[in-house]
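# Descriptive structure summary
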Amino acid sequence: MAENASKAPNVVMLENRSSLTVSGVNDVDSFDERSVVAYTDYGQLTVQGENLNIKRLSVETGDLTIEGSVSALIYTENRPRENIFKRIFR
C-alpha cells in the first residue's frame, strides 16, 4: 500500500460509453479517431473506440475528457518511450 502513496489518484469515469473522464493523466502519447494512449502513474491507458475526440486535457490537473463511442479501456505497464530519432535512424 505504501507504494501507491506517492502516486497521483487515478479515477476513470465512463458515462453511457460516450463520455470518458480520467484523472491522474501525466501525458497523452498519441490519439486519433480510433484510439487515445495516455500515461498515468498506474500504467499506460489505451482507450479504443470510434469517433474519439479529446474535449479537454489539463496538464496542470491531470484531467482528460474524451467523447465518442468507447469500446475498450486497456491498462498496461508504462513502457519507456523510445526517442523518435532512434526510430527514424534504425
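The preceding data block contains the structure.
First things first, this report covers the structure right here in the doc. Note that this is a predicted model, so its numbers are computed, not measured. In this convention, every chain numbers its residues from 1, walking through the sequence in written order. Local features in this predicted model are restricted to residues of pLDDT 70 or higher, and side-chain atom pairs are both shown and tallied only at a pLDDT of 80 or more, whereas totals for entire chains, interfaces and linings draw on every residue. Only hydrogens and water are removed before side-chain values are computed, so all heavy atoms of the structure are retained for them.

### What to know about the environment of Q44
Runs of E in the DSSP output that reach at least two residues are strands. Runs of H or I that reach at least four are helices, and both are numbered from the N terminus. One can find Q44 in strand β5 (residues 43-58). Residue burial is assigned from relative accessible area. The probe radius is 1.4 Å, only protein chains are included, and a residue is buried under 20% of its type maximum, exposed over 50%, and partly exposed in between. Using a relative accessible area of 11% as the deciding quantity, one classes Q44 as buried. Once the C-alpha coordinates of Q44 and N26 are considered, the two residues, 18 residues apart in sequence, prove to be 9.9 Å apart. Residue contacts are counted whenever heavy atoms from the two residues lie within 4.5 Å of one another. Once you skip the residues sitting within four places of it in the chain, Q44 turns out to touch V37, A38, Y39, I74, Y75, T76, E77 and N78.

### A look at the sheet that holds strand β1 (residues 12-15)
Spatially, β1-β2-β6-β5-β4-β3 is the arrangement adopted by the six strands of the open sheet, whose pairing is antiparallel. Looking at strand neighbours, the two that pair on one side only are β1 and β3 (25-31), the edges of this open sheet. Within the sheet, the average angular offset between the axes of one strand and its neighbour, ignoring direction, is 35°. Here the rule is simple: two strands pair whenever DSSP picks up at least two bridges between them. To obtain each axis, a line is fitted to C-alpha atoms, and for helices this fit is confined to the stretch in contact; angles are then taken between N-to-C directions over 0 to 180 degrees.

### A short note on the environment of E15
Mapped onto the fold, E15 is located in strand β1. In sequence terms E15 and E67 are 52 residues apart; their C-alpha atoms lie 9.7 Å from each other.

### Things to note about the pattern of salt bridges
It is possible for side chains bearing opposite charge to pair when their charged atoms get close. Here a salt bridge means any side-chain nitrogen of Lys or Arg lying within 4 Å of a carboxyl oxygen belonging to Asp or Glu. Scanning the model with the defined rule gives one salt bridge in all. For D63, the salt bridge identified is with R56, shortest N-O distance 3.9 Å. Look at R56 and you get partly exposed, because its relative accessible area is 42%.

### Some details on the pairing of β5
In this sheet, β5 lies alongside strand β4 (residues 35-40) in antiparallel orientation, the contact comprising six bridges. Counterpart to V37 in the pairing with β5 is T46. One ladder, built from twelve bridges, connects β5 with strand β6 (residues 63-76); its direction is antiparallel. Each bridged residue has a counterpart across the sheet, and for I54 the counterpart in β6 is I66.

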